[in-house]
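Letter by letter, the chains look like this.
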Amino acid sequence: MIRSGLTVSTIAARNVQSVTCVVPRRGKKKKLDLIPLEGEDAKYFNPTLLSGINEPEYIDLLKPPTPFHQLINIKLMCPDFVYLERFTKFLQKRLPQIGLNVNKYWPLQHLEYKYDLLKHEESIVENSMVLKFYRRVLQLKDTEAYKLPMIIQIIDASKPSGLTYAIAEHSEADEIARYVEDTNLKAMKTELAEAIRDLDFSK
């Protein structure tokens, strides 16, 4: 029989024939001895107290899989080059801390916009200016869908003024936009084509 003052520890196993109890020793240094309970004492073991006992293994397989995106591009654009570079480095440091995989990072060719200031109630241009917008792309790989709101909240809470962003899945157009066209090579090809055409006409 189990004496008073003793605690019974449960063990997670099927078809358990013996249960272990903790018996403290008397003396200055108390140690815990594990003694199996057998016979009538084993009937006090309650396997239902353990979580996961007698549950079929296929229950875990019935859980729906977490949807994820293979490649996601965070496109940043800002008229201030210094703020854009600092914020991009900030994201490269913080996003891996929440379990995101930063796959690649690349710059894009800047965009130029010309703004004309017209006179009041007239079509005459009073002043004009050219504003450059610098662009950077931060690519994430194998991102769970439930982490996208976290990314948006981090960017909204920490982005500098004037910075705009867009989040979209990676496409073939994004891969083509990475490469800047060589204007010198294009001009040389045009001159070569014109020279070949002139030779054909001379014949």
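Okay, so let's go over this structure. (Residues numbered from 1 in each chain as written. Predicted model: local features only at pLDDT ≥ 70, side-chain atom pairs only at ≥ 80, totals over all residues. Heavy atoms only, no water.)

Another aspect to go through is the pairing of strand 4 (residues 68-78). In terms of strand pairing, strand 4 meets strand 6 (residues 125-144) through 10 bridges, oriented antiparallel. Following the sheet pairing, Cys-78 is matched in strand 6 by Tyr-134. Both strand 4 and strand 7 (residues 164-169) contribute to a ladder of six bridges, which runs antiparallel. Bridge pairing in strand 7 links Met-77 to Thr-164. (Pairing = 2+ DSSP bridges. Helix = DSSP H or I, 4+ residues; strand = E, 2+ residues; numbered from the N terminus.)

On to the packing of aromatic side chains. Taken as a whole, this structure holds three aromatic pairs when the rule is applied. When the ring of Phe-81 is compared with that of Tyr-134, the centres are 5.5 Å apart and the planes differ by 70°; the resulting orientation is edge-to-face. With Phe-81 in helix 2 (residues 81-94) and Tyr-134 in strand 6, this pair connects stretches of sequence that are 53 residues apart. Residue class for Phe-81 comes out partly exposed when judged on its relative accessible area of 39%. For Tyr-134, a relative accessible area of 25% puts it in the partly exposed group. Here the aromatic rings of Tyr-113 and Phe-133 are separated by 5.5 Å at their centres, their planes lie at 80°, and the arrangement is edge-to-face. (Phe/Tyr/Trp six-rings, centres within 6.5 Å; stacked < 30°, edge-to-face > 60°. Buried < 20%, exposed > 50% of the residue type's maximum accessible area, 1.4 Å probe, protein only.)

Time to look at the pattern of salt bridges. For the structure shown, the criterion picks out four salt bridges. Put simply, Glu-85 and Arg-136 hold a salt bridge, and the shortest N to O gap is 2.7 Å. One end of the pair, Glu-85, is in helix 2; the other, Arg-136, is in strand 6, with 51 residues separating them in the sequence. Of the charged contacts in the structure, one is a salt bridge between Lys-147 and Glu-144, with a shortest N-O distance of 3.6 Å. Residue Lys-147 is classed as buried on the basis of its relative accessible area, which comes to 10%. Classification of Glu-144 as partly exposed rests on a relative accessible area of 23%. (Salt bridge = Lys/Arg side-chain N within 4 Å of Asp/Glu carboxyl O.)

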